[in-house]
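A structural walkthrough
Listed below are the residues making up each chain.
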Amino acid sequence: MRDVIFLVADGSMQQMLHGFLGRREFHRSVGCQRFAFDPRHDVVVSPTKDPGVYRQGPELLRTYRRDYHRAVIVLDNDWDGTPGPGKIHDDLSRRMRDTWAEFAVIVIEPELEAWVWQDNPRVAQALNCPANFRQILADSGHWPHDRAKPARPKEALEHLRDRYRDLRRDGHKVDRSPALFKRLAAGISVKGCTDPAFLKLRDTLRDWFPEEDL
């Protein structure tokens, strides 16, 4: 049996996990023991986005129970009709207990982009935007200097994408594809990410795969 099956709401989340867990020494960044991860087999992308994961996630994962020891559901809270992160987590957890002994429900508040924002030059490199992106977002009101993260992280990313949509502006062109999240996840500092949902995923992996005593 394989170690973990991940159910995610869209291709951007898939790419984020690929970048994060696809690092050669990813377990050292997480602070856990190495475990098997293959994005081609261990990540399932819901065809119905976040609402579909909320409505059908446990049922979609039930078919994988014979092949995997553990399961993780990852979805955003920011979608029309959301009942809120607490209810999403509790409802999915209750239904997952019918099938899985070990599982985690990761609800990102408000959305995936909260995981990538750090005042880190590697973010600028991955985005292909100017190194002073932090100041650009402060000037636009998307990321005031007194906040650890943008209040609307997706809107902050879209602002840079719209501003640097082609190479004619200062030689920068921000990628608009989901693959951007793979590059971001591969380059950002795990220690620098303070998002509660990200920390829950990190801590879950540490609990499941504790570091071996030296």
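Residues numbered from 1 in each chain as written. Predicted model: local features only at pLDDT ≥ 70, side-chain atom pairs only at ≥ 80, totals over all residues. Heavy atoms only, no water.

Let us now look at the pairing of strand β4 (residues 103–108). In the case of a regular strand, side chains alternate between the two sheet surfaces. Extensive coverage of β4 is indicated by the burial of six of its six residues. Neither face of β4 is exposed, since Phe-103, Val-105 and Val-107 on one face and Ala-104, Ile-106 and Ile-108 on the opposite face are all buried. Alignment of strand β3 (residues 68–76) against β4, held across six bridges, turns out to be parallel. Paired with Leu-75 across the bridge in β4 is Val-107. With helix α4 (residues 85–96) bridging β3 and the parallel β4, this β-α-β connection has right-handed handedness. (Buried < 20%, exposed > 50% of the residue type's maximum accessible area, 1.4 Å probe, protein only. Helix = DSSP H or I, 4+ residues; strand = E, 2+ residues; numbered from the N terminus. Pairing = 2+ DSSP bridges. Right-handed = clockwise from strand over helix to strand, strands pointing away.)

Now for the nonpolar core. Nonpolar side chains in soluble globular proteins generally cluster together in the buried interior. Counting 69 residues, the largest nonpolar core has Trp-115, Trp-117 and Leu-127 as the members making the most contacts within it. Excluding residues within four positions of it along the chain, Trp-117 makes contact with Val-123, Leu-127, Phe-133, Leu-137, Trp-143, Lys-149, Pro-150, Pro-153, Ala-156, Leu-157 and Leu-160. (Core = buried A, V, L, I, M, F, W, Y, C linked by side-chain atoms within 4.5 Å. Contact = heavy atoms within 4.5 Å.)

Attention now moves to the confidence of the model for the protein. Per-residue pLDDT for the protein has a mean of 90; in total, 99% of the residues score no lower than 70. Here helix α8 (residues 179–187) stands out as the least confident element of the protein, with mean pLDDT 84; strand β1 (residues 2–8) is the most confident, with 98. (pLDDT = per-residue confidence, 0-100.)

Applying the stated criterion across every chain, the model contains 16 salt bridges. Ionic pairing is found between Arg-2 and Asp-42, a salt bridge with its closest N-O pair at 2.7 Å. Here Arg-2, found in strand β1, pairs with Asp-42, found in the loop between α2 (26–30) and β2 (43–45); they are 40 residues apart in sequence, far enough to count as distant. Exposure remark for Arg-2: the relative accessible area of 31% places this residue in the partly exposed category. If you follow the salt bridges from partner to partner, you end up with Glu-158, Arg-161, Asp-162, Arg-165 and Arg-176 in one network. (Salt bridge = Lys/Arg side-chain N within 4 Å of Asp/Glu carboxyl O.)

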